[in-house]
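# Report on the structure
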Amino acid sequence: MKYLFLEFKNAGWFNTSKETKDYVFDIKDQYQRVNTQKFKEPITYYQVSNMLCVLMGERPKPSLRFSYIEKNNDIINIAKKSLIKINDYQYEYNEKKYVINELLRTKKAVWNSDDKENDLVYWKRLNIFLGNDLYNSFIDLAKVLLKTNDIYQYTVMECFKILNYSEYQNNFLMIEFKKILKKNGKSPVIHLLENYSVPHFMNKNDLTKITTNSGITKIIRLSGNIAIPINDWVINKIKNSKGCATLLDGGFVKIIGIKYDEEINSDYFNDYKKLDEISTELININN
Amino acid sequence: MKKNVKNVLIKLNIEGQGIVNFDSNDQSYIWNKYVKDNSENGIIKSYCKGSNIQFAKKNWYKDENEKLNYKIKISSDCIRHNLYKDEIPFQSPNIGYFKDLLLNFIATPALLTRGYLFTEKENRYKRSTCLNITDAEQVCNAESNIEVFSRSGEKITDEILKDNTFFYKETVGEIKYQAIGNIDLMNLQFLSTDQVFDRFGLNPDYFNIYKTILKRNLPTFNSELGFYCINGSSNIMPEYGIKFSNEDVLYLIKYIFTKLLSFDITHLKSYAKFSSLEYKLVYDPIEDTFNNENGWISIKNRKDIEDINFIVEDFYVEKTYEDSINLRKKINEEVEKIKSEKRAEKKAKAANNKKKKDESNIESENEE
């Protein structure tokens, strides 16, 4: 029997749960993330068979998403017979078990991707929200009420703060303007004029919403070794293919080499676990 | 006979001073465990309490006695961010909603090599990176420690309180790192414009605009759309897409090497920069491995990069339009056949259940 030895490093496993309303998608449809599932164990024979597929120049089949690709049973059987050793990613301190995880800066956080709490309004943002006609009307109104030709001496929030006084709110021009705003579906500005606080609706509008483009999450980095029982067919496939693959999120897979049974000590595989003995149980994404 | 190159392995050495990549203060638990484990060995480091602390990112190891040890690292995400920070200073998903901006963005060597994901409802573009790189891990014996720092703040005149703060921060002196990785030539050689394999990188309807823009950034580009299969794969379903020529792939590899050569993370009080780079051309994936010391070529300057020249393996074979469409029709017919069988099965099952329910209702009525 021959074994192909592989080493993997930095395989990222997302195991933190967050309340989220966002969607995940595959080529067929999109689904709410809270209704999706994940594997209980970090690495099962599904992940290893997909890694082997890539290593052998075949198409990997997504384990949880819909795909038109047929699974390759020959490679899955090889993966099931393979052995894996994952370096310990837990430690004990004061009789409690902790997971070694690290902070990862993501380009877009899964949760809270639209910034609903943003309360910064500036003249240009108001212009975009109201459109040119309504914006110019508002500027004219503010000029008349505040008796100034240069309204831009104020920031927009200062202007709203002054217009918040009852003498301005009860002015008939202001009352008429509010009616026009309501008619045009711009009631967030009425809210801003009356209460001097930025309503959430302004942050939800397609033109003025601000997407949070950076966030943080926690990730567990796994490393370890995999021993794959191989035959000449597998060797030929790997030799004729690109010979590189990844495991989980960005896990770098390195080929160590081929070893025969005779070269391996009897207790060499004591730390290893057979992949078909690792549970493939699926749990909810938030567990 | 000289074989074609299937893969490019890389070893990147980095040198610097101080910590450039920080982690969360959750690390305090494992740090305290490390201090406790090693206090008997004469390594005196301070325990940390509270949350006002900045730790370096680390890889943790256990020795045979289950005692913890660590090596400082720069995460692969940090390396990649800094490699491409000139072209991609920030990621804005909103670009996905504006076609011209999006095409201008993705038709660049930076995006072709780094990969991208845009989840706009009609055009979900996705391309995985061809540059796989590990975390850069410390390779010297530099020891880090926790130091106390202070930050001056405003004095509140009416009260005795001052807004000065003390905080802890991990520091280190001169340090060297090494990262290993590879350039996935198979990935680099092809851009999918087909949804069939879940890696739709570009809407083929925009190909002409895309080509015009890409020609500005990748002068050798002159490919056309076509149907391609992976050479030697048992999956014979053709994929619609763009295959890059040998010149294009070489241009992109040189682009990646240029990026690695100018790698630099500079912070106010610390830095990490390129020290040396070695690469190895893989002709046989089982023989040409990281463990094999032969065949490594060092890159010291731009001249070394310009001299790179080799023939990339042809990973994709072109199929004719007719063959591809006929095959797809056959597959679709088979899929439809299976689907209709399943539908009929489901219908029969539902009818059977209804019949059983009706019968049980009649029985219960008769009993009454």
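The structure presented is a predicted model; accordingly, all values stated were derived computationally and were not measured. (Residues numbered from 1 in each chain as written. Chains lettered and ligands numbered in written order. Predicted model: local features only at pLDDT ≥ 70, side-chain atom pairs only at ≥ 80, totals over all residues.)

## Quick look at the overall build of chain A
Rules: The helix and strand labels rest on DSSP assignments: H or I over at least four residues marks a helix, E over at least two residues marks a strand, and numbering proceeds from the N terminus. Once C-beta atoms are placed from the backbone, each residue is buried if 20 or more other C-beta atoms lie within 10 Å of its own, exposed if 12 or fewer, and partly exposed for counts between those two. C-beta atoms are placed from the backbone for every residue, and two residues are taken to be in contact when these atoms lie within 7 Å.
A count of helical and extended segments in chain A gives 10 helices and 13 strands. Scored against the burial criterion, the 287 residues of chain A give a buried share of 29%. Partitioning the intrachain contacts of chain A with sequence separation of at least 6 by distance along the chain shows that 78% fall at a separation of at least 24.

## Considering the domain arrangement of chain A
Our working rule: An automatic or database domain assignment is the source of the domain bounds shown.
The domains assigned to chain A are domain 1 (2-88 + 222-284) and domain 2 (123-204). On a C-alpha basis, the centroid separation for the pair domain 1 of chain A and domain 2 of chain A is 59 Å.

## Some words on unusual backbone geometry
Residues and elements named next belong to chain A. The backbone of Asn10 shows a phi angle near 60°, a positive value even though the residue is not glycine. Looking at the secondary structure, you find Asn10 in strand 1 (residues 2-13). You will see that Lys147, though not glycine, has its phi angle at about 50°, which is positive. With 6 C-beta atoms counted inside 10 Å, the residue Lys147 sits in the exposed group.

## Quick notes on the interface of chain B and chain A
Convention followed: Just so you know the grouping, Ala, Val, Leu, Ile, Met, Phe, Trp, Tyr, Cys and Pro go in nonpolar, Asp, Glu, Lys and Arg go in charged, and all remaining residues, Gly too, go in polar.
At the junction of the two partners, chain B supplies 46 residues and chain A supplies 42 residues. At the level of elements, helix 1 (28-38), strand 4 (58-62), helix 2 (76-83), strand 12 (174-183) and helix 5 (185-188) of chain B are the ones that each hand at least two residues to the side of chain B that touches chain A. Sort the elements by how many residues they give to the side of chain B that touches chain A and helix 1 of chain B lands first, with four residues. In the side of chain B that touches chain A, the residues fall into 16 nonpolar, 19 polar and 11 charged.

## Here's the deal with the pairing of strand 5 (residues 68-74) of chain B
All names here are of chain B. Put simply, the test is: Paired strands, in this sense, are two strands between which DSSP finds at least two bridges.
Sheet analysis places strand 4 next to strand 5, joined by five bridges and oriented antiparallel. From the neighbouring strand, Trp60 faces strand 5, where its bridge partner is Tyr70. Between strand 4 and strand 5, which follow one another and run antiparallel, lie five residues, and Glu66 among them has a positive phi close to 65°.

## A closer look at the sheet that holds strand 19 (residues 316-319) of chain B
All names here are of chain B. Test applied: Note on geometry: axes are lines fitted to C-alpha atoms, helical ones only across the stretch in contact, with angles between N-to-C directions running from 0 to 180 degrees.
Taking strand neighbours across the sheet as the criterion, the four strands line up as 13-15-14-19 in an open arrangement whose pairing is antiparallel. Where the open sheet ends on each side, the last strands, each with one partner, are strand 13 (190-192) and strand 19. Sheet twist, expressed as the average angle between the axes of neighbouring strands with direction ignored, equals 55°. Sheet topology places strand 14 (residues 225-230) next to strand 19; four bridges connect them, and they run antiparallel. If you follow Tyr228 over to strand 19, its bridge partner there is Glu318.

## Comments concerning the sheet that holds strand 2 (residues 22-23) of chain B
Residues and elements named next belong to chain B. On the basis of which strands lie adjacent, the open sheet formed by four strands has the order 2-3-11-10 and mixed pairing. What marks the edges here is a single partner per strand, and that holds for strand 2 and strand 10 (145-151). Inspection of the sheet shows strand 10 paired to strand 11 (residues 165-171) by seven bridges, in the antiparallel sense. Bridge pairing in strand 11 links Asn145 to Thr171.

## Focus on helix 1 (residues 45-55) of chain A
Residue and element names in this part refer to chain A. Most of helix 1 is tucked away, with 11 of its 11 residues classed as buried. Within the span of helix 1, buried status applies to Tyr45, Tyr46, Gln47, Val48, Ser49, Asn50, Met51, Leu52, Cys53, Val54 and Leu55. Buried residues along helix 1 sit in contact with helix 2 (73-81), strand 5 (83-86), strand 9 (215-230), helix 10 (232-239), strand 10 (245-247) and strand 11 (251-260).

## Overview of the domain arrangement of chain B
All names here are of chain B. According to the domain assignment, chain B consists of domain 1 (7-322) and domain 2 (323-368). Listed per partner, the contact involves eight residues of domain 1 and six residues of domain 2. Tallied by class, residues from the side of domain 1 that touches domain 2 come to five nonpolar, one polar and two charged.

## Side note on the pairing of strand 5 of chain A
All names here are of chain A. Where burial is concerned, the two faces of strand 5 differ: the one with Ile84 and Ile86 is buried and the one with Leu83 and Lys85 is not. As judged from the four bridges shared by strand 5 and strand 9, these two strands associate in the antiparallel manner. Following the sheet pairing, Ile84 is matched in strand 9 by Ile226. Pairing of strand 5 with strand 12 (residues 273-274) involves two bridges; the strand directions are antiparallel. For Ile84, the partnering residue across the bridge sits in strand 12 and is Lys273.

## Section: the nonpolar core
In plain terms, the rule: Put simply, a nonpolar core is a cluster of buried Ala, Val, Leu, Ile, Met, Phe, Trp, Tyr and Cys residues tied together by C-beta atoms within 7 Å.
Counting 62 residues, the largest nonpolar core has Val8, Ile74, Ile183 and Leu185 of chain B as the members making the most contacts within it. Once residues within four sequence positions are removed from consideration, Val8 of chain B is found in contact with Asn182, Ile183, Leu185, Ile253, Tyr279, Leu281 and Val282 of chain B. Counting 37 residues, the second-largest nonpolar core is a separate cluster that includes Phe8, Met51, Val54 and Ala227 of chain A.

## Digging into the packing of helix 1 of chain A against helix 2 of chain A
If you want to describe how two helices pack, look at the angle between their axes and the distance between the axes. Residues and elements named next belong to chain A. Test applied: If an angle is under 35 degrees, it is roughly parallel; if it is over 145, roughly antiparallel; if it lies from 65 to 115, roughly perpendicular; otherwise it is oblique. Two helices crossing with the near one rotated counterclockwise from the far one by less than a right angle form a left-handed crossing, whereas a clockwise rotation gives a right-handed crossing.
It is at 8 Å that the axes of helix 1 and helix 2 come closest, and there the two elements cross at 125°. Here helix 2 runs oblique to helix 1, going by the angle between their axes. Our pair here, helix 1 against helix 2, has a crossing hand that is right-handed. Contact with helix 1, carried on its side by Tyr45, Val48, Ser49, Leu52 and Cys53, involves Ile75, Ile76, Ile78, Ala79 and Lys80 of helix 2 and no other residues of that element. Residue composition of the contact of helix 1 with helix 2, by class: eight nonpolar, one polar and one charged.

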